[in-house]
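Inside the fold
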Amino acid sequence: MTRKPRHPTVATKKRRPASNSRSKPVKKSANKTRLQRADDLDTFIVAAAKALDLPTREAWLPAIKANLEVTLQLASVVTAFDLPDDAEPGPVFRA
Amino acid sequence: MAQKSPDFAFASCANIAQAVNAGDVTATAMIEAALARIKKTEPVLNAFTDVTAKRARAKAKQLDEKRAAGQPLGLLAGVPFAVKNLFDVSGLATRAGSKINRDLPPARQDSPLIERLEAAGAVLVGALNMGEYAYDFTGENIHDGPSRNPHDTTRMSGGSSGGSGSAVGGGQVPLALGSDTNGSIRVPSSLCGIFGLKPTYGRLPRNRSFPFVDSFDHLGPFARTAADLALAYDAMQGYDGDDAACADRPVEPVAHTLSDGIDGLRIAVAGGYFKEAAFPEALSALDQVARALDVQREIEIPQAARARAAAYVITATEGAALHLGRLRTRAEDFDPAVRDRMIAGAMVPSTLVVRAQKFRRWYRSQTLKLFEDVDAILAPATPCTAPLIGQKTFNLGGVELPVRANLGIYTQPISFIGLPVVCVPVPLSPLPIGVQIIAAPWREDVALRIARWLEKNGAVAAPLPA
């Protein structure tokens, strides 16, 4: 039996995309909502691949999706943290 | 470490250079012995992708001629070394662990770090196996096969500088170079039971090496003693304007400071995130080092889990940006595990990347405050000893997770803000494991002094393979 990790790690199991993780519940059953979210990500991947001119084979899509879900979930951990407006990135570029 | 055998296998760089400088052995004999060791052990370790024997023999001959002419040879005279195959080596395509890069024209000039080591008398003997495009913590490579752990060849060397860990841990060479974006020096050092130095971000120039994530890429040495790390590090320091991130700082040699001891140094153990998911062996090693140093204090690096998450996001996206053209034209030629992560990374919205970079600035400021009160922080290097080659998942903190992405959970929050780290080997049985000694920016000397003190007092050592 497994338990929820105490800190963000890269899980093998599918997670909900972060972009929806804090959205308000919609008036549909929870199962259907999750299914829609999964479909949304599939649609996003196909559209993004086209926009970025990235060739993707059908067989690659599950792994791409799993990786994207993990990355978005970890990004949601970052964006959930409030930062002051002056917390600017520290570039190394020097003109 | 004293020399173990007449062929100088497992001898330290310092001992080799002393013997060559003194004329006890010629550089040619030293290099021939190294080439013979590589030939003998390579079928098992699979650490090398290229052995530059002709070049090495010519360089050794030059050294012997210089000595005969009474000229000084340098502090690394006759020391055989090898480099992860993402360093430019004149005459070789810089493959960076990939199939695709083999089509590149051969490099026309060595990496500056190779040039600097050779200027100190060291002799390049080859290029080393690595995870494809450095996006890896396992040491496995789909094109070249896995580099193997010298202490149990059924186990991982760690990655992505797997060949570097394997070659030094297995006694093929006493010195190797690797790169560390999220832990790729510290993870193989830990799993292979050797010393590794990831210097401060911007300390050593990275030009003429194949990049991965510019925000986090570091280069550094692997060795079997702390003193050898310092010798190599000192030889490689110096500004190079061809790397935009290289800091224009004076050379700050450290080798002469190693015997200064640890009196007055304030050391703490990282708690919280750095202990939560660790296997018992990682905690045991950390405890062994802390007890040797008489460290009771524990501190928490703030938001380390978020730092790891942010490092993950930036890595995925910067890596994807680097390889976008190759993903478009040669996607079939990538390792599928790398390709699928890269394609996913290309699709992450830029707002999330900028947020991760903004968090990085905040995290840096908070972590640097800790160094007002401590000089060094101890943390595990890896959550466990070497997993089996081919092992896909492990149970981390009660959750089954991929090995490939999670062996670096304790290294990522540190390289995320470029802090210098020495990874020291704790020779547990049956397998060694590393502990990170983390210092403030530009204080590699502090981490190396602690590493040397631990080594001198028997708490850490690079074990010989059985």
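See the structure shown above.
**Some remarks on the overall build of chain B**
Each helix and strand in chain B was counted, giving 15 helices and 13 strands. Computed over the C-alpha atoms, the radius of gyration of chain B is 20 Å, within 12% of the 23 Å expected from 2.2 N^0.38 for a compact globule of 466 residues. Seen through its C-alpha atoms, chain B measures out along the principal axes to roughly 60 × 55 × 45 Å. Looking at chain B as a whole, 68% of its 466 residues qualify as buried. Of all intrachain contacts in chain B linking residues separated by at least 6 positions in sequence, the fraction that spans at least 24 positions is 77%. Carbon and sulfur atoms make up 52% of the accessible area of chain B, which amounts to about 14900 Å² in all. The centroid of the 49 positive side-chain charges in chain B is displaced by 2 Å from the centroid of its 47 negative side-chain charges.

**A look at the packing of helix α2 (residues 61–79) of chain A against helix α10 (residues 304–330) of chain B**
Contact geometry of α2 of chain A with α10 of chain B gives a least axis separation of 8 Å together with a crossing angle of 135 degrees. Classified by the angle their axes make, α2 of chain A and α10 of chain B are oblique. Crossing of α2 of chain A over α10 of chain B shows left-handed handedness. On α10 of chain B, the residues that touch V70, T71, L74, A75, V77 and V78 of chain A of α2 of chain A are R306, A309, A310, Y312, V313 and A316 of chain B. Counted by class, the contact of α2 of chain A with α10 of chain B contains 10 nonpolar, one polar and one charged residues.

**A few points about the side chain of Q237 of chain B**
All names here are of chain B. One can find Q237 in the loop between α7 (226–236) and β7 (267–270). Side-chain polar atoms of Q237 contact the backbone nitrogen of E252, separated by 2.8 Å. When neighbours within four sequence positions are excluded, Q237 is seen to be in contact with R116, R203, L204, P250, V251, E252 and P253.

**Re α2 of chain A**
Taking 1.5 Å per residue as the helical rise, α2 of chain A with its 19 residues ought to reach 27 Å, and the 26 Å between its terminal C-alpha atoms agrees with that figure. Counting buried positions along α2 of chain A yields 15 of 19 residues, so the element is predominantly enclosed.

**Observations concerning the pairing of strand β9 (residues 376–380) of chain B**
Side chains on a regular strand alternate between the two faces of the sheet. Residue and element names in this part refer to chain B. For β9, the buried fraction is high: five of the five residues fall into the buried class. Residues A376, L378 and P380 of β9 are buried on one face, and the alternating residues I377 and A379, pointing to the opposite face, are buried as well. Where β7 meets β9, three bridges bridge the pair, whose relative direction is parallel. The partner of V269 across the bridge, within β9, is L378. Bridge count for β9 against strand β13 (residues 433–439) is five bridges, and the pairing is antiparallel. The residue bridging I377 from the neighbouring strand is I438, located in β13.

**Structural notes on the interface of chain B and chain A**
At the interface, 50 residues of chain B touch 46 residues of chain A. Between chain B and chain A, the buried area comes to about 4200 Å², and carbon and sulfur atoms account for 68% of it. When the buried area of chain B at its contact with chain A is split by residue, M347, R355 and K358 of chain B rank highest and sum to 16% of it. In this structure, E88 of chain A and K358 of chain B form a salt bridge, with 3.3 Å as the shortest nitrogen-oxygen distance. Broken down by secondary-structure element, the contributors of at least two residues to the side of chain B that touches chain A are α8 (273–276), α10, α11 (336–346), α12 (350–370), β11 (399–402) and α13 (403–406) of chain B. With 11 residues, α10 of chain B is the single largest residue contributor to the side of chain B that touches chain A. Grouping the constituent residues of the side of chain B that touches chain A by class yields 31 nonpolar, six polar and 13 charged.

**Comments concerning the packing of aromatic side chains**
Tallied over the full model, the rule gives 14 aromatic pairs over all chains. Ring geometry for F359 of chain B versus Y363 of chain B: centroids 5.9 Å apart, planes at 20 degrees, classification stacked. Of this pair, F359 of chain B and Y363 of chain B are both found in helix α12, four residues apart, which corresponds to roughly one turn of the helix. Judged by relative accessible area, F359 of chain B falls into the buried class, the value being 0%. Look at Y363 of chain B and F416 of chain B: their rings are 5.6 Å apart centre to centre, the planes differ by 40 degrees, and that puts the pair in the tilted class. Residue Y363 of chain B is located in helix α12, and its partner F416 of chain B is located in the loop between α14 (412–415) and β12 (421–426); the two are separated by 53 residues in the primary sequence. Under the relative-accessibility criterion, F416 of chain B is labelled buried at 1%. Of the aromatic side chains, those joined through ring pairs into one cluster are F81 of chain A together with F216, F359, W362, Y363 and F416 of chain B. One Lys or Arg, R339 of chain B, reaches over the ring of W60 of chain A and ends 3.6 Å from the middle of that ring. The aromatic ring of Y135 of chain B is capped on one face by R341 of chain B, whose charged end is 4.0 Å from the ring centroid.

**As for the pattern of salt bridges**
All names here are of chain B. For the structure shown, the criterion picks out 30 salt bridges over all chains. Note that D144 is salt-bridged to R102, the shortest N-O span being 3.0 Å. Of this pair, D144 sits in the loop between β3 (123–128) and α5 (162–169) while R102 sits in the loop between β2 (80–84) and α4 (112–119); the two residues are 42 residues apart in sequence, bridging distant segments of the chain. Assessed through its relative accessible area of 33%, R102 is described here as partly exposed. The shortest N-O distance in the salt bridge between D335 and R404 comes to 3.8 Å. Pair noted here: D335 is in the loop between α10 and α11 and R404 is in helix α13, with a separation of 69 residues, a long-range link. One continuous salt-bridge network, built from bridges that share partners, spans D50, R95, R102 and D144.

Quick notes on the rules
Residues numbered from 1 in each chain as written. Chains lettered and ligands numbered in written order. Predicted model: local features only at pLDDT ≥ 70, side-chain atom pairs only at ≥ 80, totals over all residues. Heavy atoms only, no water. Helix = DSSP H or I, 4+ residues; strand = E, 2+ residues; numbered from the N terminus. Rg over C-alpha atoms; globule rule 2.2 N^0.38 Å. Buried < 20%, exposed > 50% of the residue type's maximum accessible area, 1.4 Å probe, protein only. Contact = heavy atoms within 4.5 Å. Areas by Shrake-Rupley, 256 points an atom, 1.4 Å probe, with all protein chains shown as cover. Lys, Arg positive; Asp, Glu negative; His and termini not counted. Charge placed at Lys NZ, Arg CZ, Asp CG, Glu CD. Axes fitted to C-alpha atoms, helices over the stretch in contact; angles between N-to-C directions. Parallel < 35°, antiparallel > 145°, perpendicular 65-115°, else oblique. Left-handed = near helix turned anticlockwise from the far one by under 90°. Nonpolar A, V, L, I, M, F, W, Y, C, P; charged D, E, K, R; others polar. Polar contact = N/O pair within 3.5 Å; in protein donor to acceptor, adjacent residues only side chain to side chain. Expected span 1.5 Å × (residues − 1). Pairing = 2+ DSSP bridges. Buried area = accessible area lost by both parts, 1.4 Å probe. Salt bridge = Lys/Arg side-chain N within 4 Å of Asp/Glu carboxyl O. Phe/Tyr/Trp six-rings, centres within 6.5 Å; stacked < 30°, edge-to-face > 60°. Lys NZ or Arg CZ within 6 Å of the ring centre and 35° of its normal.

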